[in-house]
Amino acid sequence: MALYVQKFGGTSVGSIERIKAVAEKVKGYRAEGHDVVVVVSAMSGETNRLIALAHEINEDPTPREMDMLVSTGEQVTIALLSMTLNTIGCPAVSYTGPQVSITTDSSHTKARIKQIDDQKIRNDLKEGRVVVVAGFQGADENGNITTLGRGGSDTTGVALAAALKADECQIFTDVDGVYTTDPRVCSKAKRLETITVEEMLELASLGSKVLQIRSVEFAGKYNVPLRVLSSFDDQGPGTLIVAEETNEMEDPLISGIAFTANEAKLTVLNAPDVPGVASKILGPIGAANIEVDMIVQNVAPDGKTTDFTFTVSRGDYKKAQAVLEGVVAELGAGEISGDNAIAKVSLVGVGMRSHAGVASKMFQVLSDEGINIRMVSTSEIKISVVIDEKFMELAVRALHTAFGLDKEEE
Ligand code: ADP
Ligand code: ASP
Ligand code: MG
């Protein structure tokens, strides 16, 4: 008999019908004799609805109150699912994050889990109950409710699985596994049987929202067996996230393509090219709590001035522009230019390590499609390009085909 932590995302609990289907699935595992801890998200659309309400009041609401608000979505689903389970003869009890002592730091809206006290859950399991825990939330040491960042229920699931030493953490979602790229954008995307933690971390951090990045970090750190599978159909093994690929010889060059339109870029034109200029520009950006992603600096032919470009997430674009106005005045730099209709497309694969020429092939494919590359960044196992947002889906599909990722025609 196994202990499973099963996480169901927003679409999977998006209606009473869906909640009933989840309850039947959980009951099925119980009938086989397994212990089950369920983690649920808010019903699909609910978290966005709550955020929109807050924004009607203030564009930049207090993070503490934001957490108080958005954590309510998950409280609704734990109660509804537990009621359903009890109704169909499967004893269950629901708990909020703080009720099972999910303790986080105090970084509201992006808190990190520090500790979980699993005793209460273990007691309920021993008594034969299914334990239903609210994803995405916890409390800091002072009892303030915190949330773990968008998509954070995945992390609750994996963290609970680690604390309980579960046999597997199963992430049930609206696709039947991790694909070579988002199957909603590329119909030729293929489901992967396995993917390494390292690759999944890259894909998640570069925009594939199928797993929240921190959940993958947790799984890697605590060796939690992690599987992504469909909550809609009963068939299929999904995708297992593995520590290492067993047969390195067969590592494909590219495992997946991630993309995100959640980007914006800013350039400080004609800044004086003197030591310290980069930190004078980025210091105030960091101080304003804005995360910078890519950075490119071009020196003018006269060697006296430099154009300094960096990207931030689109939500921070206006704030970053305002910060730069002050910086430019102080630096005596020329002007600021910006573009928030950009996207980042990334190739990820551990096989890249041992192969040269991936970048040049990528650039060739994009050029054949008439797509201009605005910025590039690379690491050992990924290459990212910034392009105009309108070309994003075209780029993903062209690269998917060119790198041999398309599934075979049925
Ligand atoms: P949930 O609500 O269950 O947490 P999410 O919407 O957060 O689900 O994540 C699942 C979605 O992730 C899929 O519907 C799919 O559109 C998207 N996705 C992006 N990249 C991938 C990928 N490489 N493989 C599978 N799904 C992906
Ligand atoms: N409900 C939260 C969100 O929409 C957390 C989650 O779904 O994982 O981001
Ligand atoms: Mg999600």
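Residues numbered from 1 in each chain as written. Chains lettered and ligands numbered in written order. Predicted model: local features only at pLDDT ≥ 70, side-chain atom pairs only at ≥ 80, totals over all residues. Heavy atoms only, no water.

Participant: Please clarify how the site of ligand 1 should be interpreted in this entry.
Facilitator: Taken together, 16 residues sit near ligand 1, with Thr 173, Asp 174, Tyr 179, Asp 182 and Arg 184 positioned nearest. One nitrogen or oxygen atom from the main chain of Tyr 179 is found 2.9 Å from a nitrogen atom belonging to ligand 1. The contact in question runs from an oxygen atom of ligand 1 to an N or O atom on the side chain of Lys 209, over 3.3 Å. Coverage of ligand 1 by the protein chains reaches 89% of its 570 Å² of free accessible surface. Grouping the amino acids of the shell around ligand 1 by side-chain chemistry returns five nonpolar, six polar and five charged. (Near = heavy atom within 4 Å. Polar contact = N/O pair within 3.5 Å; in protein donor to acceptor, adjacent residues only side chain to side chain. Areas by Shrake-Rupley, 256 points an atom, 1.4 Å probe, with all protein chains shown as cover. Nonpolar A, V, L, I, M, F, W, Y, C, P; charged D, E, K, R; others polar.)

Participant: Can you help me understand the site of ligand 2 in this one?
Facilitator: Around ligand 2 sit Ser 41, Ala 42, Thr 47, Glu 74, Phe 136, Arg 150, Gly 151, Gly 152 and Ser 153, and those are all the residues in its vicinity. At 2.9 Å, a backbone N or O of Gly 151 approaches an oxygen atom of ligand 2. In the environment of ligand 2, an oxygen atom lies 3.0 Å from a nitrogen or oxygen atom belonging to the backbone of Ser 153. The residue makeup of the shell around ligand 2, split by class, is two nonpolar, five polar and two charged.

Participant: What is the right way to read the pairing of strand S15 (residues 305-313) from this model?
Facilitator: Each regular strand shows side chains that alternate between the opposite faces of the sheet. The pairing of strand S13 (residues 256-272) with S15 spans eight bridges and is classified as antiparallel. Across the sheet, Leu 266 pairs through a bridge with Phe 310, a residue of S15. Alignment of strand S14 (residues 292-299) against S15, held across six bridges, turns out to be antiparallel. Among the inter-strand pairings, Ile 295 is bridged to a residue of S15, identified as Phe 310. Between S14 and S15, which pair antiparallel one after the other, the connecting turn spans five residues, and Gly 303 there sits at a positive phi close to 75°. (Pairing = 2+ DSSP bridges. Helix = DSSP H or I, 4+ residues; strand = E, 2+ residues; numbered from the N terminus.)

Participant: Before we go on, may I ask you to explain the packing of helix H6 (residues 153-164) against helix H8 (residues 213-222) in this structure?
Facilitator: Two elements in contact, H6 and H8, have axes separated by 8 Å at closest approach and are oriented at 15°. The angle between H6 and H8 places the two elements in the roughly parallel class. Considering the relative orientation of H6 and H8, their crossing is left-handed. Residues Asp 154, Thr 155, Val 158, Ala 159 and Ala 162 of H6 pack against Arg 214, Ser 215, Phe 218, Ala 219 and Tyr 222 of H8. When grouped by side-chain class, the residues that make up the contact of H6 with H8 number six nonpolar, two polar and two charged. (Axes fitted to C-alpha atoms, helices over the stretch in contact; angles between N-to-C directions. Parallel < 35°, antiparallel > 145°, perpendicular 65-115°, else oblique. Left-handed = near helix turned anticlockwise from the far one by under 90°. Contact = heavy atoms within 4.5 Å.)

Participant: How should the sheet that holds S15 be read in this particular structure?
Facilitator: Strands belonging to one sheet form pairs held by backbone hydrogen bonds; the direction of such a pair is parallel or antiparallel. Spatial strand order, S14-S15-S13-S16-S18-S17: six strands in an open sheet with antiparallel pairing. Two strands close off the open sheet at either side, each with one partner strand: S14 and strand S17 (375-379). Averaged over all pairs of adjacent strands, the angle between strand axes in this sheet comes to 25°, irrespective of strand direction. Across the face of the sheet, helix H11 (residues 358-368) comes into contact with strand S16 (335-348), S17 and strand S18 (382-388) while running at roughly 20° to S18.

Participant: Looking at this structure, I do not really get helix H12 (residues 392-402). What am I missing?
Facilitator: Quick reminder: α-helices carry 3.6 residues per turn. Residues three or four places apart thus point the same way. Taken as a whole, H12 has its buried residues at Met 392, Ala 395, Val 396, Ala 398, Leu 399 and His 400. On the buried face of H12, the contacting elements are S13, S16, H11 and S18. Looking at the residues trailing H12, positive phi occurs at Gly 404, about 70°. (Buried < 20%, exposed > 50% of the residue type's maximum accessible area, 1.4 Å probe, protein only.)

Participant: Explanation requested: the packing of aromatic side chains in the structure shown.
Facilitator: Aromatic ring pairs are reported here in terms of the distance separating the ring centres and the angle at which the planes meet. Following the criterion strictly, the structure yields four aromatic pairs and no others. On the numbers, 5.6 Å between centres and 80° between planes, the contact of Tyr 4 with Tyr 29 is edge-to-face. One end of the pair, Tyr 4, is in strand S1 (residues 3-8); the other, Tyr 29, is in helix H1 (residues 16-31), with 25 residues separating them in the sequence. Comparing Tyr 4 with Tyr 29, the two get one shared label, buried. Ring geometry for Phe 8 against Phe 172: centres 4.7 Å apart, planes inclined by 5°, an arrangement best described as stacked. On the criterion of sequence distance, the pair formed by Phe 8 in strand S1 and Phe 172 in strand S9 (residues 168-173) is long-range, its members being 164 residues apart. Of the two residues, Phe 8 and Phe 172, neither departs from the other in class, the shared state being buried. Note that Arg 18 overlies the ring of Phe 232, its terminal NZ or CZ placed 3.8 Å from the centroid. Positioned above the aromatic ring of Phe 403, the side-chain terminus of Lys 361 is 4.6 Å from the ring centre. (Phe/Tyr/Trp six-rings, centres within 6.5 Å; stacked < 30°, edge-to-face > 60°. Lys NZ or Arg CZ within 6 Å of the ring centre and 35° of its normal.)

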